[in-house]
Amino acid sequence: MSQHILTAVAWPYANGPRHIGHVSGFGVPSDVFSRYQRMAGNKVLMVSGTDEHGTPIQVQADKEGLGVREVADRYNRLIAEDLTALGLSYDLFTRTTTANHYAVAQEIFKGLHANGYIFPKTTMGAISPSTGRTLPDRYIEGTCPICSYDGARGDQCDNCGNQLDPIELINPVSRINGETPVFVETEHFMLDLPAFAEVLGSWLQSKQGEWRPNVLKFSLNLLGDLHPRAITRDLDWGVPIPLEGWSDQANKRLYVWFDAVIGYLSASIEWARRSGDPDAWRQWWQNPDARGYYFMGKDNIVFHSEIWPALLLGYNGQGARGGTAGSLGALNLPSEVVSSEFLTMEGRKFSSSRQVVIYVRDFLARYDADALRYYIAVAGPENQDTDFTWSEFLNRNNGELVAAWGNLVNRSISMAAKNFGAIPEAGDLTDADRALLARSRAAFGPVGAELNRSRFKNAVNEAFDVVRDANRYLAEQEPWKIKDDPERVKSILHVALQVVDDAKTLLTPFLPTSSNKIYAMLGGTGVWSGMPEMKEVDEDGRSYPVITGSYEGAARWESASIRPGTPLAPPTPLFRKLDPKIVDEELARLGE
RNA sequence: GGGGCGGUAGCUCAGCCGGUUAGAGCAGGGGACUCAUAAUCCCUGGGUCGCGGGUUCGAGUCCCGCCCGCCCUACCA
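Residues numbered from 1 in each chain as written. Chains lettered and ligands numbered in written order. Predicted model: local features only at pLDDT ≥ 70, side-chain atom pairs only at ≥ 80, totals over all residues. Heavy atoms only, no water.

**What to know about helix 13 (residues 431–452)**
In an α-helix, one full turn covers 3.6 residues, which means residues spaced three or four apart are oriented alike. Just so we agree on the cut-off: Only DSSP runs of H or I covering at least 4 residues are called helices, and only runs of E covering at least 2 are called strands; the numbering of each starts at the N terminus. The span one expects for a helix is its residue count, reduced by one, times 1.5 Å. At any given residue, the bend is defined as the angle formed between two axes, one fitted to the seven residues that end at that position and one fitted to the seven that begin there. For this analysis, residues touch if any pair of their heavy atoms sits within 4.5 Å.
Taking 1.5 Å of rise per residue, the 22 residues of helix 13 would be expected to cover 32 Å, and the 32 Å separating its terminal C-alpha atoms lies within 8% of that figure. At F444, helix 13 is bent by approximately 30°, the largest bend along its length, and proline P446 sits one to four residues beyond. Contacts made by the buried residues of helix 13 are with helix 1 (20–39), helix 14 (456–477) and helix 15 (486–507). S454 sits one or two residues past helix 13 and shows a positive phi near 60°.

Dropping the structure here:
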């Protein structure tokens, strides 16, 4: 049964390059999932983009002496290049600074406002006297009024842990330029989150047994303490507020978290427009049978299990105040929020400023995308924080990718090519032959079930069990010792190649590049599993890069019979074996 | 301070509703083989399941307390 599946991938923030911790949280898992779903015959729409508004971009621009737009442009392009190089199969990877995104974000705001879920409130805000810009709480520091710790931030004291209001700080100063902020009254719009407590509660309860328990428990717990949340802020870098008397205020914008989550919808709409059928997005957002899977790191759960559903419910008119759906029509809530934990780097937190980091770009300059994808799939932070170490990366690469899987492919094709120059025909099969063939065919069920539940470690391990069994089979059959029975050798190598082909299919979601190579080695034609590409597009005369691609490859989640007689060339190695000295080289690159 | 998650062999991690001698991969030790990027295959040593209580015929698996790590804490993307 073919289903419409929306893969909604967290939006990387465009204030700098992304490191491997970021892509292990949202990037690789979402791509493995999407590739599997396409192979299983479902209609996948995988969308994301760079998140480009907000104060951190403003701060970064000031630091670099550039405009916000230039900073956003630069990191949008850089991040898009990195994600493309990793092979992430976005149907559309766009950005939040498009006219389309502005229009969709404003439409959601207007819908919520019309239904009564947004109200204004006057609060005190800090501004920088020299620039006139608002200072977010966390950019203010001073002495904690409770414990007298003098490095307290405006939102919280790191020493005593108490919540603070920046106006309470003793001797407050700006962390950006050291000056003393001025506090002034300012008016903002608030989202009435408590109006959704009940409907969110029953929605979450209905996910019992389906979501990862930690995500569900965490989300349910948040419900007990919902408060109205500001959705605008004093900043000129953002989406204008679409109300009379507000839209022309240069210094009032939608707060960045509000517009960023709407990106899933706006990107889907942009994708549909570019595909030539402007209403195509509705199949993923309004069809009751469609499913939406959201991938992110754990710091983002609240936005996806609480706030984004609240925005959708409010827009649909389904909160405590009722209402009617906006002009887009009622929209589907997430089916599942798939959250990853965090990756650490050699036992420490990733930190760009302290050079405890490896950026995706630098990683891919020295190692292959499949090597990184494999590491993340098999050793990434799927259900708990995990530690990336270069020595484990080396071991996994050399011991598992190269020695177990790459070598199985290489020895099987090499023997067949050398002895027969083609895929040999099988003769009478022995019990061992039949057992191994049945073994790899039977793996599609359980491996697929694990992938469908986003249990990637189990999936890749079960796929690798097939690889280990195939290596054992060859060791037991010893075809290289058989000198007087070429028919038996043919049967053994036929079986081995069939299982290599099956394992290649099982590993395609994780290792698309190398799987494509194996497909070609065994005589496959055309595209097996499609790869993303960057394209320049125009919108209102402005050009920007997007990631897109045609993923309608030949890959299907099933065993496909290899064709005897297909010519085989001597293989070239699929994966690079790494020199152990890279561990020390990489460690030397890390800061103290 | 509050909430959440985690703390299992040298390393990275599995262990669902409590049930026989706690598992895997890698690393270590021994052996076999040579088709293959010296890759592969077989055998093997190794754990007071963070600490302390409790419930139970029986707890890594449930309850309480504590210690450690990480995430969130409502203008933090």
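**A few points about the pairing of strand 2 (residues 43–50)**
To keep it simple, the criterion reads: Here the term buried applies to any residue with accessible area under 20% of the maximum for its type, exposed to any over 50%, and partly exposed to those in between, with areas from a 1.4 Å probe on protein chains only. The crossover handedness rule: strands pointing away from the viewer, path from first strand over the helix to second strand clockwise, crossover right-handed. Paired strands are those between which DSSP finds at least two bridges.
Of all eight residues in strand 2, seven are buried; the element is thus mostly enclosed. Between the parallel pair strand 1 (residues 4–9) and strand 2, the chain is carried across by helix 1, and the sense of this crossover is right-handed. Across four bridges, the pairing between strand 2 and strand 3 (residues 92–95) is parallel. By the bridge assignment, S48 is partnered in strand 3 with F93.

**Considerations on the packing of helix 12 (residues 390–419) against helix 14**
For any two helices packed against each other, one specifies the crossing angle of their axes together with the interaxial distance. How we decide: Helix axes use the C-alpha atoms of the stretch in contact, all axes being lines fitted to C-alpha atoms, and the angles between their N-to-C directions lie in the range 0 to 180 degrees. We call two directions roughly parallel when the angle between them is under 35 degrees, roughly antiparallel when it is over 145, roughly perpendicular when it lies between 65 and 115, and oblique otherwise. In this scheme the crossing of two helices becomes right-handed for a clockwise turn of the near helix relative to the far one and left-handed for an anticlockwise turn of less than a right angle. Residues were grouped as follows: Ala, Val, Leu, Ile, Met, Phe, Trp, Tyr, Cys and Pro as nonpolar; Asp, Glu, Lys and Arg as charged; and all remaining residues, including Gly, as polar.
The N-to-C vectors of helix 12 and helix 14 enclose an angle of 50°; their axes lie 10 Å apart at closest approach. Our classification of the angle between helix 12 and helix 14 gives oblique. Between helix 12 and helix 14 lies a crossing whose hand is left-handed. For the pair formed by helix 12 and helix 14, the contact residues are E400, A404, W405, L408, R411, S412 and M415 on the first element and F464, V467, A470, N471 and L474 on the second. Considered class by class, the residues forming the contact of helix 12 with helix 14 number eight nonpolar, two polar and two charged.

**Topic: the packing of helix 12 against helix 17 (residues 581–589)**
Running from N to C, helix 12 and helix 17 cross one another at 150°; their axes reach a closest spacing of 9 Å. It follows that helix 12 is roughly antiparallel to helix 17 by the angle criterion. Crossing angle aside, the handedness with which helix 12 passes helix 17 is right-handed. Along its contact with helix 12, which presents W390, S391 and L394, the element helix 17 presents I582, V583, E586 and L587. When grouped by side-chain class, the residues that make up the contact of helix 12 with helix 17 number five nonpolar, one polar and one charged.

**Focus on the UniProt feature "binding site: ATP" (unreviewed entry) in chain A**
The condition that has to hold: UniProt positions are given in the numbering used here, feature names are shortened, and annotations may be inferred rather than shown by experiment.
UniProt feature "binding site: ATP" (unreviewed entry): in the numbering of this structure it lies at S352. As for its placement among the helices and strands, S352 is situated in the loop between strand 15 (343–345) and helix 10 (360–366).

**Some details on the sheet that holds strand 9 (residues 182–191)**
Pairing within the open sheet is antiparallel, and its four strands lie in the order 5-4-9-10. Of all strands in the sheet, those bounded by a partner on one side alone are strand 5 (134–135) and strand 10 (229–230).

**What about helix 7 (residues 256–275)?**
Taking 1.5 Å per residue as the helical rise, helix 7 with its 20 residues ought to reach 28 Å, and the 28 Å between its terminal C-alpha atoms agrees with that figure. Where helix 7 bends most, at G263, the angle is about 40°. Here helix 7 lies mainly inside the structure; 17 of its 20 residues are buried. The first or second residue beyond helix 7 is G276, which carries a positive phi of 100°.

**Overview of the packing of aromatic side chains**
Where two aromatic rings form a pair, the distance of their centres and the angle of their planes describe that pair. Definition in use: A pair of aromatic rings is counted whenever rings of Phe, Tyr or Trp (Trp by its six-membered ring) have centres within 6.5 Å, and the orientation is called stacked for planes under 30 degrees apart, edge-to-face for over 60 and tilted otherwise. Look at NZ for Lys and CZ for Arg. If either is within 6 Å of the ring centre and within 35 degrees of the ring normal, a charge sits over the ring.
For the structure shown, the criterion picks out 31 aromatic pairs. Ring centres of W11 and Y264 lie 6.4 Å apart, and the angle between their planes is 80°; this geometry places the pair in the edge-to-face category. Of this pair, W11 sits in the loop between strand 1 and helix 1 while Y264 sits in helix 7, and the two are 253 residues apart along the sequence. This pair shows no difference in class: W11 is buried, exactly as Y264 is. Here the aromatic rings of W390 and F393 are separated by 5.8 Å at their centres, their planes lie at 90°, and the arrangement is edge-to-face. Here W390 and its partner F393 are both found in helix 12, three residues apart, which amounts to about one turn of the helix. A relative accessible area of 1% places W390 in the buried class. Chaining the aromatic ring pairs together yields one cluster made of F109, F189, W246, Y255, W257, F258 and F303. If you follow R229 out to its NZ or CZ, it ends over the ring of W257, 5.3 Å from the centre.

**Comments concerning the pairing of strand 14 (residues 336–340)**
Of all five residues in strand 14, five are buried; the element is thus mostly enclosed. Of the two faces of strand 14, both are covered, the one formed by E336, V338 and S340 as well as the one formed by V337 and S339. For strand 13 (residues 291–297) and strand 14, the ladder comprises five bridges, and the chain directions are parallel. The residue bridging Y293 from the neighbouring strand is E336, located in strand 14.

**Considering the environment of A126**
Of note, A126 is situated in strand 4 (residues 118–127). We classify A126 as buried; its relative accessible area is 4%. On a C-alpha basis, the gap between A126 and I140 in space is 8.6 Å, while along the polypeptide they are 14 residues apart. When neighbours within four sequence positions are excluded, A126 is seen to be in contact with R133, T134, L135, I140, P181, V182 and F183.

**Considerations on unusual backbone geometry**
A positive phi is found at S454, a non-glycine position, where the angle reads about 60°. Under the relative-accessibility criterion, S454 is labelled buried at 1%. Positive phi, close to 45°, is recorded for E478, a residue that is not glycine. Inspection of the secondary structure puts E478 in the loop between helix 14 and helix 15.

**Observations regarding the confidence of the model for chain A**
Condition: Along the chain, pLDDT gives the predictor's confidence residue by residue, from 0 to 100.
Per-chain confidence: chain A averages 89 in pLDDT, with 96% of residues scoring 70 or above. ipTM for the predicted complex: 0.87, alongside a pTM of 0.94.

**Quick look at the nonpolar core**
To keep things clear, this is the line we draw: Throughout this description, the term nonpolar core refers to a set of buried Ala, Val, Leu, Ile, Met, Phe, Trp, Tyr and Cys residues connected via side-chain atoms within 4.5 Å.
One finds F258, L265, W285, W308, F363, W405 and F510 to be the most contacted residues of the largest nonpolar core, which totals 180 residues. For this core, the leading source of residues is helix 12, giving 13 residues.

**Looking at the side chain of R233**
We apply this condition: Residues counted as positive are Lys and Arg, residues counted as negative are Asp and Glu, and His and the chain ends are not counted. Salt bridge, as used here, is a side-chain nitrogen of Lys or Arg placed within 4 Å of a carboxyl oxygen of Asp or Glu.
Summarising the element assignment, R233 is placed in strand 11 (residues 232–234). No salt bridge is formed by the buried R233; the nearest opposite charge belongs to D234, separated by 6.2 Å.

**A short note on the side chain of T566**
Here T566 shows up in the loop between strand 18 (542–548) and helix 17. Setting aside residues no more than four positions away along its own chain, T566 makes contact with G421, A422, I423, L522 and G523.

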